[in-house]
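A closer look at the structure
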Amino acid sequence: MKTDLTDTTSSKINKALVLGRRAIGTPAVGMVLTLVIVTDEENAYDALKAANEASREHPSRTLVVIKRVSRSPRDRANARLDAEVRLGADAGSGETVVLRLYGEVVDHAQSVVLPLLLPDAPVVVWWPVNAPTDPANDPLGALAQRRVTDTYAAEQPIEELTARADTYTPGDTDLSWTRITPWRSMLAAALDQVHCKVTSADVEGEEFNPSVELLAMWLAERLKVPVRRSKSAGPGLTSVRLETSAGPIVLDRPDGSLATLSIEGQPDRAVALKRRETAELIAEELRRLDPDDTYAASLKYGLERLDEEAAVTAPAPEDPAPDVTAGAVEPAESAGPSKKAAAKKAPARKAAAK
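**Overview of the packing of helix α2 (residues 41-54) against helix α9 (residues 278-287)**
- One can describe the packing of α2 onto α9 by two numbers: an axis separation of 8 Å at closest approach and a directional angle of 55°. As summarised for this structure, α2 and α9 are arranged oblique, according to the angle between their axes. Handedness of the crossing formed by α2 with α9: right-handed. Facing Ala-50, Glu-53 and Ala-54 of α2, the residues of α9 in contact are Thr-278, Ala-279, Ile-282 and Ala-283.
- Residues belonging to the contact of α2 with α9 are distributed by class as follows: 5 nonpolar, 1 polar and 1 charged.

**Overview of the packing of aromatic side chains**
- According to the stated counting rule, one finds 2 aromatic pairs in the structure shown.
- Centroid distance Tyr-168 to Tyr-295: 6.0 Å. Interplanar angle 65°. Geometry classified as edge-to-face. Taken together, the residues Tyr-168 in the loop between α5 (157-166) and β8 (172-174) and Tyr-295 in helix α10 (residues 293-301) connect sequence positions 127 residues apart. Residues Tyr-168 and Tyr-295 agree in their burial class; the two are buried.
- Ring centres of Trp-177 and Tyr-295 lie 5.5 Å apart, and the angle between their planes is 55°; this geometry places the pair in the tilted category. Of this pair, Trp-177 sits in helix α6 (residues 175-178) while Tyr-295 is found in helix α10, placing the two residues 118 residues apart along the sequence.
- The exposure class assigned to Trp-177 is buried, which follows from its relative accessible area of 1%.
- For Tyr-295, a relative accessible area of 2% gives the class buried.
- By way of ring pairs, the aromatic residues Tyr-168, Trp-177 and Tyr-295 are connected into one cluster.

**Section: the side chain of Arg-146**
- For Arg-146, the location among the structural elements is in strand β7 (residues 146-149).
- With relative accessibility at 1%, the residue Arg-146 sits in the buried group.
- Among the polar contacts listed, one links the side chain of Arg-146 to the backbone oxygen of Asp-290, at a separation of 3.2 Å.

**Things to note about the sheet that holds strand β12 (residues 249-252)**
- Strands sit in the order β10-β9-β11-β12-β13-β14 across an open sheet of 6 strands; the sheet is mixed. The sheet is open, and its two edges are formed by β10 (227-232) and β14 (269-272), each paired on a single side. Taken pair by pair, the neighbouring strands of this sheet meet at an average axis angle of 15°, ignoring direction.
- As defined by bridge partners, strand β9 (residues 198-206) adjoins β10 across 6 bridges and the pair is classed as parallel. Directly across from Glu-204, in β10, lies its bridge partner Ser-230.
- In the packing of helix α7 (residues 181-193) onto the sheet, contacts are made with β9, β11 (237-244), β12, β13 (258-263) and β14, and the angle to β11 comes to roughly 25°.

**Considering unusual backbone geometry**
- Unusually for a residue other than glycine, Asp-120 sits at a positive phi of about 60°.
- Turning to its location among the elements, Asp-120 is positioned in the loop between α4 (109-113) and β6 (123-126).
- A positive phi angle, near 60°, is found at Phe-208, a position not held by glycine.
- Mapped onto the fold, Phe-208 is located in the loop between β9 and α8 (210-223).
- Of the residues examined, Phe-208 reaches a relative accessible area of 54% and is grouped as exposed.

**Observations concerning the pairing of β6**
- Burial along β6 is two-sided: the residues Val-123 and Val-125 and Val-124 and Trp-126 are all buried.
- As defined by bridge partners, strand β2 (residues 33-39) adjoins β6 across 4 bridges and the pair is classed as parallel. The residue bridging Thr-34 from the neighbouring strand is Val-123, located in β6.
- When β6 meets β7, the two strands line up parallel, connected through 3 bridges. Within the sheet, the bridge partner assigned to Val-124 lies in β7 and is Arg-146.

Rules and cut-offs
Residues numbered from 1 in each chain as written. Predicted model: local features only at pLDDT ≥ 70, side-chain atom pairs only at ≥ 80, totals over all residues. Heavy atoms only, no water. Axes fitted to C-alpha atoms, helices over the stretch in contact; angles between N-to-C directions. Helix = DSSP H or I, 4+ residues; strand = E, 2+ residues; numbered from the N terminus. Parallel < 35°, antiparallel > 145°, perpendicular 65-115°, else oblique. Left-handed = near helix turned anticlockwise from the far one by under 90°. Contact = heavy atoms within 4.5 Å. Nonpolar A, V, L, I, M, F, W, Y, C, P; charged D, E, K, R; others polar. Phe/Tyr/Trp six-rings, centres within 6.5 Å; stacked < 30°, edge-to-face > 60°. Buried < 20%, exposed > 50% of the residue type's maximum accessible area, 1.4 Å probe, protein only. Polar contact = N/O pair within 3.5 Å; in protein donor to acceptor, adjacent residues only side chain to side chain. Pairing = 2+ DSSP bridges.

Here it is, written out as structure tokens:
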């Protein structure tokens, strides 16, 4: 059931929701939370589709806030709110209200959303694209217990990840972190099978992928070892290699679907590690509404510190040829065999010190 409201108010939208529930024969409100999606017209369809699929697991009232761009000063001065109310089969297992804001009301979206929130129910705000730098201080983000962003959709994902660390507030999370949940589970299970000490790690994935950085920071923070990142053609994360005292542990996924887990002394095992759709990621985030302390610790580890620690695992440069000068060659020729070897190694030690 769909109801279109033009130039409306929050009060009229609430009345349309009540009348719609009565019309389809479900007067009771069986929603467990309110999901607020802040997006643009281009990405609204995909975001709403993912939210409807996730509502099968988490029945919720979904409010889609679309801020329309006014092209002329006259349009910007005229405030207008249009709404589309969807219930029943058109809204998955919940209720959906698509809000289109025009003019000055764009800057006061929280005043439109606040009357539509379910009473005594948690609120989650999700920015599929164009998330604010500080989600907790955003007017809409301030209404929520959980704030979901996606740095993978940003123009500069790595810089965006650093900004998230600087402005982190308990309740913030990111879908780039959610994407690596199966990787973290598989690596933790692999380390439980072997009694060993991890000495270093290498994470391989496509360039400008924040999930690669987050997984590397998680390994560095939890294992207290240097972690190096390597580039690959993708898709997404492709490999993680842990160097341990009992031999290497490798989790390799070259095709984005099926991975191979290799542990020293054990046969290789094929494990399902498929790249998940957005609906699955949102459904996972809605399962827990408390702050994610593990994400906070990994995010705050810092990319700068990760680079410094990773430099320890860089391959040593090749020993340069000894300088052939009159002052250096003559003592080597007149010295005995042991002194000749020492003279040849001296430049290498000096280069390594540099």
